[in-house]
Amino acid sequence: MRHRKIHSGTLVLISASIVSAVLGSIHAFSMFLEPLETQFATTRSAVSLTYSFALMSLTIAVLFGPRFFGRWSAATLVLSACAFAACGAVIAGMAGSLRTVWLGYSLIFGLANGLGYGFGLQIAAQVNPGREGLAMGVVTASYAFGSVFSPILFGLAVEAGGFSAAMMALAVTLIVTGVLSASLMRRAGAEYRVGKSQPSAISVSLQSQLLLWLGYFGGVMAGLMVIGHAAEIAASLRSGISPWVAPAIIAVCNLLGSLAGGRLADKASLGFLLATLALVTSIALAGLAVFGQVGGLLVAFSVIGFAYGGTIAAYPAAIAKLFGMKESAKIYGRIFTAWGCAGLLGPWFAGFLFDRNANYQLALFIASVAGLVSVLAIVILFRNNHGSRHS
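Residues numbered from 1 in each chain as written. Predicted model: local features only at pLDDT ≥ 70, side-chain atom pairs only at ≥ 80, totals over all residues. Heavy atoms only, no water.

Draft legend 1. Highlighting the nonpolar core. Within the largest apolar cluster, 127 residues are counted, with the highest numbers of intra-cluster contacts made by Ile26, Tyr105, Phe119, Met185, Tyr216, Phe301 and Trp339. By residue number, the principal contributor to this core is helix α7 (residues 132-188), which donates 16 residues. Contacts of phenylalanine 301, omitting those with residues within four sequence positions, involve Val226, Ala230, Ile233, Ala234, Ala246, Ile249, Ile250 and Leu288. Counting residues in hydrophobic clusters, the runner-up holds five residues, among them Ala144, Val148, Ala251 and Leu255. (Core = buried A, V, L, I, M, F, W, Y, C linked by side-chain atoms within 4.5 Å. Buried < 20%, exposed > 50% of the residue type's maximum accessible area, 1.4 Å probe, protein only. Helix = DSSP H or I, 4+ residues; strand = E, 2+ residues; numbered from the N terminus. Contact = heavy atoms within 4.5 Å.)

Draft legend 2. Here's a closer look at the environment of glycine 340. Among the structural elements, glycine 340 can be located in helix α13 (residues 325-357). Sequence spacing of glycine 340 and methionine 56 is 284 residues, and the spatial spacing of their C-alpha atoms is 4.8 Å. Beyond its immediate stretch of four places on either side in the chain, glycine 340 contacts Leu55, Met56 and Thr59.

Draft legend 3. Summary view of unusual backbone geometry. Phi angles above zero are rare outside glycine, and alanine 41 is one such case at about 50°. With respect to the helices and strands, alanine 41 occurs in the loop between α2 (33-40) and α3 (44-64). Phi is positive for alanine 358, close to 65°, though the residue is something other than glycine. Along the chain, the position of alanine 358 falls in the loop between α13 and α14 (361-384). For alanine 358, a relative accessible area of 58% puts it in the exposed group.

Draft legend 4. Structural context of the pattern of salt bridges. Under the criterion given, the structure shown has three salt bridges. For the salt bridge of arginine 44 with glutamate 232, the shortest nitrogen-to-oxygen distance reads 3.7 Å. Placement of arginine 44 in helix α3 and of glutamate 232 in helix α9 (residues 230-237) is noted, with a sequence separation of 188 residues between them. In this structure, arginine 44 and glutamate 232 share a single accessibility class: buried. The closest approach of N and O atoms between aspartate 266 and lysine 321, which form a salt bridge, is 2.9 Å. With aspartate 266 in helix α10 (residues 245-267) and lysine 321 in helix α12 (residues 297-323), the pair connects residues that are 55 residues apart, well separated along the chain. With a relative accessible area of 18%, lysine 321 lands in the buried category. (Salt bridge = Lys/Arg side-chain N within 4 Å of Asp/Glu carboxyl O.)

Draft legend 5. Structural detail: the confidence of the model for the protein chain. Confidence along the protein chain averages 85 in pLDDT terms, with 93% of residues attaining 70 or more. Here residues 1-6 is a poorly scored stretch, pLDDT under 50, and it has two contacts once near neighbours within four places are set aside; other chains count. (pLDDT = per-residue confidence, 0-100.)

Draft legend 6. A look at the side chain of serine 142. By the element assignment, serine 142 lies in helix α7. Of the residues examined, serine 142 reaches a relative accessible area of 12% and is grouped as buried. Sequence-distant contacts of serine 142, that is, excluding residues within four places in its chain, are made with Ser17, Ser20 and Ala21.

Draft legend 7. Expanded view of the packing of α2 against α3. Two numbers describe how α2 lies on α3: the axes approach to 9 Å, and their chain directions differ by 120°. Classified by the angle between their axes, α2 and α3 sit oblique to one another. Read as a crossing pair, α2 and α3 show a hand that is right-handed. Counting all contacts with α2, which are made through Leu33, Leu36 and Glu37, the residues of α3 involved are Arg44, Val47 and Ser48. Each residue belonging to the contact of α2 with α3 can be placed in one class, and the counts come to three nonpolar, one polar and two charged. (Axes fitted to C-alpha atoms, helices over the stretch in contact; angles between N-to-C directions. Parallel < 35°, antiparallel > 145°, perpendicular 65-115°, else oblique. Left-handed = near helix turned anticlockwise from the far one by under 90°. Nonpolar A, V, L, I, M, F, W, Y, C, P; charged D, E, K, R; others polar.)

Draft legend 8. Seen up close, helix α6 (residues 98-126). Its 29 residues give α6 an end-to-end C-alpha distance of 40 Å, which sits within 8% of 42 Å, the value for a rise of 1.5 Å per residue. Where α6 bends most, at glycine 110, the angle is about 30°. (Expected span 1.5 Å × (residues − 1). Bend = angle between axes of the 7 residues up to and from the residue.)

Draft legend 9. Structural detail: the environment of arginine 99. Residue placement: arginine 99 occurs in helix α6. Assessed through its relative accessible area of 68%, arginine 99 is described here as exposed. For the pair arginine 99 and glycine 257, spaced 158 residues apart in sequence, the C-alpha to C-alpha distance is 35 Å.

Draft legend 10. Here's a closer look at a nonpolar patch on the surface. A surface patch of nonpolar side chains, about 660 Å² in accessible area, is lined by Ile60, Phe64, Phe68, Trp72, Ile91, Leu103, Leu107 and Leu111. Elements that contribute at least two residues to the nonpolar patch include exactly α3 and α6. In terms of residue count, α6 provides more of the nonpolar patch than any other element does, three residues in total. For isoleucine 60, the position within the fold is in helix α3. (Patch = residues over 30% accessible without salt bridge, like charges linked within 9 Å, V, L, I, M, F, W, Y side chains within 5 Å. Areas by Shrake-Rupley, 256 points an atom, 1.4 Å probe, with all protein chains shown as cover.)

Draft legend 11. Focus on the packing of aromatic side chains. For the structure on display, the rule yields 19 aromatic pairs. Taken together, a centroid distance of 6.3 Å and an interplanar angle of 50° make the contact between phenylalanine 119 and tyrosine 192 tilted. Of this pair, phenylalanine 119 sits in helix α6 while tyrosine 192 sits in the loop between α7 and α8 (206-228), and the two are 73 residues apart along the sequence. Look at phenylalanine 119 and you get buried, because its relative accessible area is 1%. Summarising the aromatic geometry, the rings of tyrosine 216 and phenylalanine 336 are spaced 6.4 Å apart at their centres and angled 45° between planes, so their arrangement reads as tilted. Within this pair, whereas tyrosine 216 is found in helix α8, its partner phenylalanine 336 is found in helix α13, the two being separated by 120 residues in sequence. Tyrosine 216 gets classed as buried once you look at its relative accessible area, which sits at 0%. (Phe/Tyr/Trp six-rings, centres within 6.5 Å; stacked < 30°, edge-to-face > 60°.)

Following this line, the structure appears as structure tokens:
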């Protein structure tokens, strides 16, 4: 029986990770900034809204998705998420205006992305008890892995046939992924179960959730600002650099950070881990703004990517451990709205400041301050709950 549980847990984790890897291509959006600007003769800030709106749609799906997790089989849910995401990609690829790109990519693909990613996180943790942090870290790392290889593939597709070719290739990949992942879920007999309530390690109060929200917002805003403009930030600081280099470096380190963050959430003090990740991000951003033109550009991108990956893996794992698996999906959905707000504000604001100043320095400094806000929120949260066994 135990062998069967381990086998099923591994199959579910593989299935969730495959879906997550393809959906993670959303973080290679900076590859489309210049092509979309040219195609629709519009501004950087307007094109940046495509990514920002997609992240908001993703957030809405993570927030409300838990209401549907137990209504369908795991196989049906992952197949549906991939199919809807493919439809969104096709609509975006055939778009004759930026608004239609928003409909296909930002709304439909974004919603399906959040549903697939959020479900993968929760069911992977549920079927791997005692290793929730590691399981969530693997799914999150797979999401990051998608943004490692997709900049190169998207770059080739854009060269061959523009934004439309990239979206069509994404749609085909999503369909194949959905069928494969659904087969694995069915073989594992995976079903999302609503468990019994468990004692919380910290108070499930409005104040605690607000502090977690602020901590997550500040911690991810920096990463999302840089990820959304990685190719162009690198070009503004170092002329002649290939457009795929910065997104790929950030994505690789994002992947490594996700694995480390999930594992450390199982082993380390949660308060110290979350605060340290935010502080490292803040320092790296300030360094990028000050020294990016004279050296250390790729090092700064590496650190920011690693800390961002660690943050997005550590928070869902921390929430599962602090509040229990029954409350985890609901509370994580609420806290994840911070990621959506950061995703809406960060990339758009960076584009807005670039349009006004023709550089990214001010945007990087503002993101650095957001990281310090995250540190402060986490310190207050765990100081108020100093009796927690996880603090």
